[in-house]
Amino acid sequence: MTPPDSPEQRRLVIKVTAGSDAPERCSQAFTVAAVAASSGVAVSVWLTGESAWFALPGRAAEFTLPHAAPLPELIEGVLAGGGRLTLCTQCAARRDISEADVLDGVRIAGAQVFVSEIMAEGAQALVY
């Protein structure tokens, strides 16, 4: 049996509210998510607010922050590590983003799904 504090049993749910408006906070959220995913932690990243734009192809490549890993690489790291990217339903609607517009591997879901993820056993939620 796996101990309760092992990476296999732990889940990290990260809500990213910042984008280019707060680049350090945004970069930190994706860096933590990518490192956790590569460490075997189950990661779910929620794109809300200004980070919603990163659900679109090419938008992460426009983001720059000196001395930070490129955002497309961090997103790829999350997905490669088995992580999930979710775009907030209301955030998508406010920006006229549909499921046909988003990157492969991004889903659109609402508050009910977010709440179920953060309430799951072993889940730790972070908001950036």
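It should be emphasised that the depicted structure is a prediction, and the values quoted were computed from it without experimental measurement.

Trainee: Explanation requested: the sheet that holds strand β2 (residues 42-47) in the structure shown.
Mentor: Sheet strands line up and pair through hydrogen bonds in the backbone, either parallel or antiparallel. Spatially, five strands are ordered β4-β3-β2-β1-β5 in an open sheet, and the strand pairing comes out parallel. For this open sheet the edge positions go to β4 (106-109) and β5 (123-127), each flanked by a neighbour on one side alone. On average, each strand axis in the sheet is inclined to that of its neighbour by 25°, with strand direction left out of account. Pairing of strand β1 (residues 11-16) with β5 involves five bridges; the strand directions are parallel. Directly across from valine 13, in β5, lies its bridge partner alanine 125. Helix-sheet contacts for helix α2 (residues 71-80) involve β2 and β3 (84-88), and the interaxial angle to β3 is about 115°.

Trainee: Explanation requested: the pairing of β3 in the structure shown.
Mentor: A regular strand places its side chains so that they alternate between the two faces of the sheet. The element β3 is largely enclosed, with a buried count of four among its five residues. For β2 and β3, the ladder comprises four bridges, and the chain directions are parallel. Each bridged residue has a counterpart across the sheet, and for serine 44 the counterpart in β3 is arginine 84. The handedness of the β2 to β3 crossover, carried by α2, is right-handed. Note: β3 against β4, four bridges, orientation parallel. Pairing of leucine 87 across the sheet is with isoleucine 108, part of β4. For the crossover that starts at β3, traverses helix α3 (residues 89-94) and ends in the parallel β4, the hand is right-handed.

Trainee: Is there a simple way to explain the nonpolar core in this structure?
Mentor: For soluble globular proteins, the rule of thumb is that nonpolar side chains tend to be buried together. In this structure, Phe30, Val43, Val45, Phe54, Leu71 and Leu87 are the most contacted members of the largest nonpolar core, which totals 36 residues. Residues within four places of leucine 87 in sequence aside, it is in contact with Leu47, Ala52, Ala55, Ala92, Ile97, Val102, Val106, Arg107, Ile108 and Ala109.

Trainee: So what exactly am I meant to see when it comes to the packing of aromatic side chains here?
Mentor: One pass over the full model with this rule turns up three aromatic pairs. Taken together, a centroid distance of 6.2 Å and an interplanar angle of 85° make the contact between phenylalanine 30 and phenylalanine 54 edge-to-face. One end of the pair, phenylalanine 30, is in helix α1 (residues 23-38); the other, phenylalanine 54, is in the loop between β2 and α2, and 24 residues separate them in sequence. With a relative accessible area of 1%, phenylalanine 30 lands in the buried category. Given a relative accessible area of 4%, phenylalanine 54 falls into the buried group. Three or more aromatic residues link up through ring pairs in this structure, and these residues are Phe30, Phe54 and Phe63. Positioned above the aromatic ring of phenylalanine 114, the side-chain terminus of lysine 15 is 4.6 Å from the ring centre.

Conventions used here
Residues numbered from 1 in each chain as written. Predicted model: local features only at pLDDT ≥ 70, side-chain atom pairs only at ≥ 80, totals over all residues. Heavy atoms only, no water. Pairing = 2+ DSSP bridges. Helix = DSSP H or I, 4+ residues; strand = E, 2+ residues; numbered from the N terminus. Axes fitted to C-alpha atoms, helices over the stretch in contact; angles between N-to-C directions. Contact = heavy atoms within 4.5 Å. Buried < 20%, exposed > 50% of the residue type's maximum accessible area, 1.4 Å probe, protein only. Right-handed = clockwise from strand over helix to strand, strands pointing away. Core = buried A, V, L, I, M, F, W, Y, C linked by side-chain atoms within 4.5 Å. Phe/Tyr/Trp six-rings, centres within 6.5 Å; stacked < 30°, edge-to-face > 60°. Lys NZ or Arg CZ within 6 Å of the ring centre and 35° of its normal.

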